[in-house]
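Analysis of the macromolecular model
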Number of protein chains: 6
Amino acid sequence: LVARPAGVCSMMKLPVQASAEGLDVAFVGVPLDTGTSNRPGARFGPRQIRAESAMLRRFHGSTGAAPFDSLRVADIGDVNVNLYNLPGSCRLIRRSYQRIVASGCVPLTLGGDHTITYPILQALAEKHGPVGLVHVDAHTDTGAGALGEKIYHGSTFRRCAQEGLLDCARVVQIGIRGSSYEPDPHKYSREQGFRVVLAEECWMKSLEPLMREVRVQLGDKPMYISFDIDGLDPAYAPGTGTPEIAGLTPAQALEIIRGCKGLNIVGCDLVEVAPMYDVSGESEDASEQGKCWHRQLWVKA
Amino acid sequence: LVARPAGVCSMMKLPVQASAEGLDVAFVGVPLDTGTSNRPGARFGPRQIRAESAMLRRFHGSTGAAPFDSLRVADIGDVNVNLYNLPGSCRLIRRSYQRIVASGCVPLTLGGDHTITYPILQALAEKHGPVGLVHVDAHTDTGAGALGEKIYHGSTFRRCAQEGLLDCARVVQIGIRGSSYEPDPHKYSREQGFRVVLAEECWMKSLEPLMREVRVQLGDKPMYISFDIDGLDPAYAPGTGTPEIAGLTPAQALEIIRGCKGLNIVGCDLVEVAPMYDVSGESEDASEQGKCWHRQLWVKA
Amino acid sequence: LVARPAGVCSMMKLPVQASAEGLDVAFVGVPLDTGTSNRPGARFGPRQIRAESAMLRRFHGSTGAAPFDSLRVADIGDVNVNLYNLPGSCRLIRRSYQRIVASGCVPLTLGGDHTITYPILQALAEKHGPVGLVHVDAHTDTGAGALGEKIYHGSTFRRCAQEGLLDCARVVQIGIRGSSYEPDPHKYSREQGFRVVLAEECWMKSLEPLMREVRVQLGDKPMYISFDIDGLDPAYAPGTGTPEIAGLTPAQALEIIRGCKGLNIVGCDLVEVAPMYDVSGESEDASEQGKCWHRQLWVKA
Amino acid sequence: LVARPAGVCSMMKLPVQASAEGLDVAFVGVPLDTGTSNRPGARFGPRQIRAESAMLRRFHGSTGAAPFDSLRVADIGDVNVNLYNLPGSCRLIRRSYQRIVASGCVPLTLGGDHTITYPILQALAEKHGPVGLVHVDAHTDTGAGALGEKIYHGSTFRRCAQEGLLDCARVVQIGIRGSSYEPDPHKYSREQGFRVVLAEECWMKSLEPLMREVRVQLGDKPMYISFDIDGLDPAYAPGTGTPEIAGLTPAQALEIIRGCKGLNIVGCDLVEVAPMYDVSGESEDASEQGKCWHRQLWVKA
Amino acid sequence: LVARPAGVCSMMKLPVQASAEGLDVAFVGVPLDTGTSNRPGARFGPRQIRAESAMLRRFHGSTGAAPFDSLRVADIGDVNVNLYNLPGSCRLIRRSYQRIVASGCVPLTLGGDHTITYPILQALAEKHGPVGLVHVDAHTDTGAGALGEKIYHGSTFRRCAQEGLLDCARVVQIGIRGSSYEPDPHKYSREQGFRVVLAEECWMKSLEPLMREVRVQLGDKPMYISFDIDGLDPAYAPGTGTPEIAGLTPAQALEIIRGCKGLNIVGCDLVEVAPMYDVSGESEDASEQGKCWHRQLWVKA
Amino acid sequence: LVARPAGVCSMMKLPVQASAEGLDVAFVGVPLDTGTSNRPGARFGPRQIRAESAMLRRFHGSTGAAPFDSLRVADIGDVNVNLYNLPGSCRLIRRSYQRIVASGCVPLTLGGDHTITYPILQALAEKHGPVGLVHVDAHTDTGAGALGEKIYHGSTFRRCAQEGLLDCARVVQIGIRGSSYEPDPHKYSREQGFRVVLAEECWMKSLEPLMREVRVQLGDKPMYISFDIDGLDPAYAPGTGTPEIAGLTPAQALEIIRGCKGLNIVGCDLVEVAPMYDVSGESEDASEQGKCWHRQLWVKA
Ligand SMILES: [Mn+2]
Ligand SMILES: [Mn+2]
Ligand SMILES: [Mn+2]
Ligand SMILES: [Mn+2]
Ligand SMILES: [Mn+2]
Ligand SMILES: [Mn+2]
Ligand SMILES: [Mn+2]
Ligand SMILES: [Mn+2]
Ligand SMILES: [Mn+2]
Ligand SMILES: [Mn+2]
Ligand SMILES: [Mn+2]
Ligand SMILES: [Mn+2]
């Protein structure tokens, strides 16, 4: 056992290796934030999440999870990105994830803004077909585009739906709230058949009943978890670019993650972690992240 | 549509105009904080609220509010204040609000410490007579005075009551908590007939039942909403001068604001926003503020 | 009455005196943090808590508490510590508390990391015998040791149990959560007979029912309250060294403290306050602390 | 005279107008930072510079400058940008500046990352032909490209030279320092005939002698001033994305700006102001900026 | 010897006493900032300076100063102020200093905004007659008034001159710079016969030659030192309300303070320390302060 | 070439390897801060220096240095430390460095507080005999001990001298300043024959002449460079525990480092980097560090 502050920072102090070969599960970073509409900074999400994950230990007292006992896991570093060309970055990410997926490994992604989920799902759907989705976010991210461009962090799930990457009847969006550029902002989601769970429906409630329904909705076919940190209330996760008040609590986030136990998870991500806005000391983002992954690993076991 | 970071910062990117003439509703700032007993800084509240309001969009997904469709709204800038003379500032504010009120426009105020509500209510009561009040705050602000002075941010509502500006049977104070200089700190409020709702009564509860009662209490006569940001728990709104723990949540704040729908609102304010203490990035105060005003505009429609 | 920013900062603006002689209750600081496993800084806890306690006033509106009316209270400054020798510091602390206890005074401690509770309980148990314990924390602090050492902030209550300082059937640990180095992290606590209340059991619930049970469990024999600030969710108390997500709320903390009313309190502490991580302005830690002590004083009255 | 904190924030409290028509000089913002290689955030430069410029007063005690007495000046707001397409943004900027230049007005630009100087100089050179340049920066910004793209903040002046926008014999780069991706990092500048003044040549020296030479070099033909805030030592201007140690002092910066007096200035910019990294309170960037523009205005008079 | 973080924070860990009786020299705080024109916060200057002065030790290696060997020194706490009435506060300060001066003790003041020097000099001049002045500042503070009031932090030395508190031929103002509301901002100072030393005259120079002249100018009659922290460049002292770029360095500040050795000092102050803007950790203000007082004490010995 | 934000953070993006075997030069971290007398935090120095070193590129424009062309360099991670036992940590460090030295590799250390230089020099002197020393610091670190202990960050060089690890005639201490616990604080250094260069001797001067003398003094026998970041003025390096005003500038630091070219360097360190106090964004420490090492590598080539 070494002192916590010691060592080069890999995710959860796992070994670092160059490729996903031979792994059951791989942590991979995508340091991109040029799809951000308001405050940038999520390019430093992977670095910060790794640094803070030094707090995480092998076992979980509340759930009994001990993921490293049954899974081969490593940190395979970051996908390279093209900071000056957003569609170009999407192509680079897609190609990298094709290689990861080809090796039979489940990618756990450290973002990066929400744009990156689009090329990741392209790579996953090539192998698994359209996937189910548990999407935690303040925003539906189903815009038609912005400033004349089709691709940015607010249009990800419209892009995915249009390309047939999602099994639309098995999509749920949780934590949605806030103002919008459109008079009926959830219309697109409804038309696709997504379930939209407003933040207002979650206030002061346990989400265990919701997750029982979600497990039924998702069934046992391949599914993906996309967790935008702004789904949480900004008091718990100030380090993000487009915060919206009156969001989920960390307890609810854990209920969602733990509620995914037993589902057929083919990948997941935590996105929109922009550490420069969490000056109070980096406590929230990475711990949350760590807890989430911890559980995910267990789910796979 | 322009990129969010673009443009000179007016409230919600509304047009700026010099007077309230021709408007239904006007945003107006009062950059004063010399009535503050502990940490100063609310003089920069209006500037910061405007800067952060760039996040707000025209429509609200949860409530369907679309205030700009039916109301003429603008930002009319700041009232000038005398930073070195607190009673003098109150006279300047009263005079400015007399002009706003005379134009038939409803003022939505960006504070400033809570002292400013006193001259604002002077101007409003001249036109409307004694008004009802929904007052969200950690403190009753009914002190007799402090350090030998009658006017400061902790005596506002005693001043108002003494001058007959309030319709005392239609006053409710929500979120009250903390220690006090007096052995029975709510005595004055009780004696005037104010309803005092302690924070303890709100913990872990929806405030919709309370607001149903409040709507009955307030009826359809003119009323004012005064929202001291320290009514919220400081985890959600650290940027304020006299924080008290165990306060309201943003969800509860939205329940209060939305619960005022249909009331006869003649003005409202958000006060005690001191942005320098919200170093983590300005997420809370202004979003909260924006949501509140967004709804207010809708209420008027 | 003086302006709040005025004066040399003693706890709650109480008089400073060199010893505990003649006091019912004494505030005492222990500026030590070399038992910290992750982020240091709690050595500045006493200084910061004193600075922020300037916000506290004599009376409490919600509880009616007026502790200074019936108790002789003062701030007796800080215990000197040996920053370069952790066991040596423990000996210095034990000796200082022996003197405080000998004077018949109840010590209210401003920490400092959680290591300090070990020598404090040594001194208290010499006088009172094994004591009951209400322990609020994210961690059980019952590790066997770390990095080859027996004494650090994560092994405090194993040390205490092994030396017979605790009346194990009257120990309750509240708020426990997070990952662990051991597969069954609560085993030691269970074996001693401690009651362990997980954070998961507290989520979105009032703790008044729990505290009714705790009062029965503790009875009327001597007991101690040890409050690790990381028992709270880090959104409310970011200034600490080993934060864990999804913790208690300030409202729950007040329910715990107020729920101890009538118990036979022989001392209490607030530990792990590391102000450098609470950059947003010092609102939480000390207010929380102040509320707690305020109530404690009342309890004694 | 109004209190400093009062009012909607335009640059130096100047009037805001929609176009440059009728002006001698116009402040204009370009809120773009997607050309940034390291830390993003300069998209908020214009907003922050405006907020801080409230400190600036009409006259300058040391230089006697009183620019508003002889020039028509206003703030014409921000150029819209396409945050998701860097070459597209460059086209938008070029077009906006063509309109400004067509009106006969001199643009003073608030950046934005250094990429923006490329389309600005395109617009200026269309009118004035190749221009001279005083370029203050830690970096020459003459890279061939990066990550496969030609346009980003590190290749601006190679792009400009290749398109014939610069009168290369009248270009000086001041403050250059730091490590590089190329073994001979100043080779390109030398080959074009630029004068490169290393930071090492400036250490602990007045730059008045240098500026005498620069005035001779630049002559009386049209010239542009491009001031990258990272030319300053990061102690004075921490709010920037690619800081390099051992840079210029503010006194030297003022010597450079004042040393441009009498030159034929057709435009200038301040770029790479990323306020989120200047948490200590925003003192430096904007004051520096303000001083610079103040003088610039005077220079024009 | 105790650990540095230990103890209730008095200035330099000196004893605290209620009055100046029996002292040669007394530290006294004036926690007022309602005379501030831009960013408030100096009301917390005394508290912060005391906290940081824990770093100071008994002897000075470079100067050999050992002030406590020959002087009786203590911290006498803070003057009470009226936060809501600026002229009223001035009356309270004057009265408090009359008592201090009457005891024969030299006051070393911890500010507070620069307004406070006016009532302090009223009290000193009552005893000593008009005094000489070494005034370090970015601003001359000789305005006629502001916002309709005569008294604020920018008019202090005009008030003093008009009341005959200054021996005008023995006044020097060092570090003056920046923009101004008046076309000839140093005119008033010149007319009174003050020496004005611009920051530009100090750039990159030792101030020892200046201080030799100052010692001649001041002679051996009573004099006062008033040190506005904004005389320093804001890189060294960001914690202040009206920063101006290109100021003095700490080395120059020490040259000024050490250059006052042998003068007939009847009091001195450090003002405009607003710690909330020095988030990087409080290094500069108090150390500077400490060094200054350290030397001052020595000067008196 | 990859984007700068990408990748697991090793020092300067060098390969990570488990031991020093086969290397000419190795970066190694020592995450210890329990020898700190004032503000802790240097345990996170190695992590932060690695994170910020992502800014460094292969070549240096001003010096022509290209160290990686001729040297085998890697990052060998961190020495494990015992956070709860300072002498125990020293033993662990000594043993680790014995292994590094045995491999024939030159260690470049990332600290950690200054205590760590003591066991490092024990290991180096075992191989090389007493070494020369260029020691940059605000403090001589020659105390006899503190709080009853011999080993802490203020006694390092007395420990080294007493154990014969230093060739005392070849020791120079640069940047010394500030107050002290002893009346003649440089006496011990003088008695050993160290050259002490006060900060006062460096103010506003190039240090090239000094370094010419230092090169003569040091000759061609083995020497070590120990760089305490507090040797710099805290404006340039706020992230440290015991800041002292009026220190060295980064330009002077580079003159010192570059002035060591050609000396027989057997190791060097950068210590006392406590990143939590450098909230403004981490620009200074690591860049400085990077520049230093960059040069060091070159020196070895
Ligand atoms: Mn999203
Ligand atoms: Mn989102
Ligand atoms: Mn209030
Ligand atoms: Mn309040
Ligand atoms: Mn604990
Ligand atoms: Mn704990
Ligand atoms: Mn540049
Ligand atoms: Mn640059
Ligand atoms: Mn002044
Ligand atoms: Mn000033
Ligand atoms: Mn040192
Ligand atoms: Mn040092």
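About the cut-offs
- Residues numbered from 1 in each chain as written.
- Chains lettered and ligands numbered in written order.
- Predicted model: local features only at pLDDT ≥ 70, side-chain atom pairs only at ≥ 80, totals over all residues.
- Heavy atoms only, no water.
- Donors = N, O, S within 2.8 Å, 3.2 Å for Na, K, Ca; no water.
- Buried < 20%, exposed > 50% of the residue type's maximum accessible area, 1.4 Å probe, protein only.
- Helix = DSSP H or I, 4+ residues; strand = E, 2+ residues; numbered from the N terminus.
- Contact = heavy atoms within 4.5 Å.
- Polar contact = N/O pair within 3.5 Å; in protein donor to acceptor, adjacent residues only side chain to side chain.
- Least-squares fit on C-alpha atoms with pLDDT ≥ 70 in both.
- pLDDT = per-residue confidence, 0-100.
- Pairing = 2+ DSSP bridges.
- Axes fitted to C-alpha atoms, helices over the stretch in contact; angles between N-to-C directions.
- Salt bridge = Lys/Arg side-chain N within 4 Å of Asp/Glu carboxyl O.
- Lys, Arg positive; Asp, Glu negative; His and termini not counted.
- Phe/Tyr/Trp six-rings, centres within 6.5 Å; stacked < 30°, edge-to-face > 60°.
- Lys NZ or Arg CZ within 6 Å of the ring centre and 35° of its normal.
- Buried area = accessible area lost by both parts, 1.4 Å probe.
- Right-handed = clockwise from strand over helix to strand, strands pointing away.

1. Topic: the coordination of the manganese ion (ligand 6)
All names here are of chain C.
- Looking at the manganese ion (ligand 6), one finds its protein donor set to be Asp-137 (OD), His-139 (ND1), Asp-228 (OD), Asp-230 (OD) and Asp-230 (OD), positioned 2.1 to 2.5 Å from the metal centre.
- Counting residues between consecutive donors of the manganese ion (ligand 6) along the chain gives the motif D-x1-H-x88-D-x1-D.
- Given a relative accessible area of 14%, His-139 falls into the buried group.

2. A look at the environment of D:Gln98
Residue and element names in this part refer to chain D.
- Within the secondary structure, Gln-98 sits in helix 2 (residues 86-102).
- For the pair Gln-98 and Ala-125, spaced 27 residues apart in the sequence, the C-alpha separation amounts to 9.9 Å.
- When residues no more than four places from it in sequence are discounted, the contact partners of Gln-98 are Ala-123 and Glu-126.
- Among the polar contacts listed, one links the side chain of Gln-98 to the side chain of Glu-126, at a separation of 2.8 Å.

3. Some remarks on the relation of the copies chain A and chain F
- If you rotate chain A by 180 degrees and push it 0.0 Å along the axis, it lands on chain F with an RMSD of 0.0 Å. Both chain copies can therefore be described as sitting about a two-fold axis. Relative to the rotation axis, the C-alpha of A:Cys9 is the closest in chain A, positioned 3.3 Å from it.

4. Things to note about the coordination of the manganese ion (ligand 3)
Residues and elements named next belong to chain B.
- Protein-derived ligands of the manganese ion (ligand 3) are His-114 (ND1), Asp-137 (OD), Asp-141 (OD) and Asp-228 (OD), with the metal-ligand distances lying across 2.1 to 2.2 Å.
- Within one chain, the residues donating to the manganese ion (ligand 3) are spaced in sequence as H-x22-D-x3-D-x86-D.
- Between the two metal centres, the manganese ion (ligand 3) and the manganese ion (ligand 4), the spacing is 3.2 Å, with Asp-137 acting as a shared donor. Pair noted here: His-114 is in the loop between strand 4 (106-111) and helix 3 (117-128) and Asp-137 is in the loop between strand 5 (131-136) and helix 4 (156-162), with a separation of 23 residues, a long-range link. This pair shows no difference in class: His-114 is buried, exactly as Asp-137 is.

5. Considerations on the confidence of the model for chain A
- Of all residues in chain A, 92% have pLDDT values of 70 or greater, and the mean over the chain is 91.
- Per-residue pLDDT stays below 50 along residues 281-288 of chain A; that stretch engages in 36 contacts with residues further than four places along the chain or on separate chains.

6. Thoughts on the sheet that holds strand 8 (residues 195-198) of chain C
All names here are of chain C.
- Strand order in the open sheet formed by eight strands is 3-1-4-10-9-5-6-8, with parallel pairing between adjacent strands. The sheet is open, and its two borders are formed by strand 3 (73-78) and strand 8, each paired with just one other strand. For this sheet, the mean angle separating the axes of adjacent strands, direction not counted, is 15 degrees.

7. Examining the pattern of salt bridges
- Summed over the entire model, instances satisfying the criterion amount to 78 salt bridges over all chains.
- The closest approach of N and O atoms between A:Glu200 and B:Arg258, which form a salt bridge, is 3.0 Å. Of the two residues, A:Glu200 sits in helix 6 (residues 199-202) while B:Arg258 sits in helix 8 (residues 250-259), which places them in two different chains.
- Salt-bridge contacts for B:Arg170 lead to B:Asp167; the nearest nitrogen and oxygen are separated by 2.7 Å.
- B:Arg170 sits in the buried class, given a relative accessible area of 6%.
- Connected through salt bridges with shared partners, the residues A:Arg50, A:Asp75 and A:Asp78 form a single ionic network.

8. Examining the side chain of F:Arg4
- The residue F:Arg4 is located in the segment before strand 1 (25-30) in this model.
- For the buried residue F:Arg4, which engages in no salt bridge, the nearest side chain bearing the opposite charge is D:Glu244, 5.6 Å off.
- Within the structure, F:Arg4 has its side chain in polar contact with the side chain of D:Tyr181 (distance 3.2 Å).

9. Description of the relation of the copies chain C and chain A
- Between chain C and chain A, the superposition needs a rotation of 120 degrees and an axial shift of 0.0 Å, giving an RMSD of 0.0 Å. Read as a symmetry element, the transformation amounts to a three-fold axis. The C-alpha atom lying nearest the rotation axis in chain C is that of C:Ala235; the distance is 3.3 Å.

10. Looking at the packing of aromatic side chains
- Taken as a whole and assessed by the stated rule, the structure comprises six aromatic pairs over all chains.
- Geometrically, the ring pair formed by A:Tyr152 and D:Tyr84 is tilted, given 5.0 Å between the ring centres and 45 degrees between the ring planes. Of this pair, A:Tyr152 sits in the loop between strand 5 (131-136) and helix 4 (156-162) while D:Tyr84 sits in the loop between strand 3 (73-78) and helix 2, placing the two residues on different chains.
- Above the face of the B:Tyr188 ring, B:Arg158 is positioned so that its terminal group lies 4.0 Å from the ring centre.
- Over the aromatic face of E:Tyr181 sits the side chain of D:Arg57, whose NZ or CZ is 6.0 Å from the ring centroid.

11. Some details on the interface of chain C and chain A
- Facing the 31 residues of chain C at the interface are 33 residues of chain A.
- Summed over both partners, the interface of chain C with chain A comes to about 2,700 Å²; 61% of that surface belongs to carbon and sulfur atoms.
- Its largest share of buried area at the contact with chain A, chain C owes to C:Ser179, C:Tyr181 and C:Ile245, together 26% of the area lost on that side.
- Between chain C and chain A we count two salt bridges in total.
- Here C:Glu244 and A:Arg57 are joined by a salt bridge, their closest N and O atoms 2.5 Å apart.
- Where chain C packs against chain A, one counts nine residue pairs in polar contact (both at pLDDT 80 or more).
- In this sheet, strand 7 (residues 179-180) of chain C lies alongside strand 2 (residues 59-60) of chain A in antiparallel orientation, the contact comprising two bridges. Counted as the bridge partner of A:His60 is C:Ser179 from strand 7 of chain C.

12. Section: the interface of chain A and chain F
- Every contact between the two is made by 23 residues of chain A and, on the other side, 23 residues of chain F.
- Overall, the association of chain A and chain F removes approximately 1,700 Å² of surface from exposure, summing both partners, and the carbon and sulfur fraction of that is 65%.
- The largest contributions to the chain A side of the interface with chain F come from A:Pro5, A:Val8 and A:Arg47, which together make up 40% of the buried area.
- Linking chain A with chain F are zero salt bridges, by the criterion used here.
- Counting every contact that joins chain A to chain F gives six residue pairs in polar contact (both at pLDDT 80 or more).
- Listed by contribution, the elements that provide at least two residues to the side of chain A that touches chain F are helix 1 (45-52) and strand 3 (73-78) of chain A.

13. What to know about the pairing of strand 5 (residues 131-136) of chain E
All names here are of chain E.
- Of all six residues that make up strand 5, six are buried, and the element is covered over most of its length.
- When strand 5 meets strand 6 (residues 166-176), the two strands line up parallel, connected through five bridges. Looking at strand 6, one finds that Leu-133 is bridged to Val-171.
- Handedness of the crossover joining strand 5 and strand 6 through helix 4 (residues 156-162) is recorded here as right-handed.
- As judged from the five bridges shared by strand 5 and strand 9 (residues 222-228), these two strands associate in the parallel manner. Paired with His-135 across the strands is Ser-226, a residue of strand 9.

14. Structural notes on the environment of E:Pro130
All names here are of chain E.
- Tracing the backbone through its elements, the reader meets Pro-130 in the loop between helix 3 (117-128) and strand 5.
- The exposure class assigned to Pro-130 is partly exposed, which follows from its relative accessible area of 43%.
- For Pro-130 and Asp-33, which are 97 residues apart along the polypeptide, the C-alpha to C-alpha distance reads 26 Å.
- When sequence neighbours within four positions are dropped, the list of residues in contact with Pro-130 reads Gly-164, Leu-165, Leu-166, Asp-167 and Arg-170.

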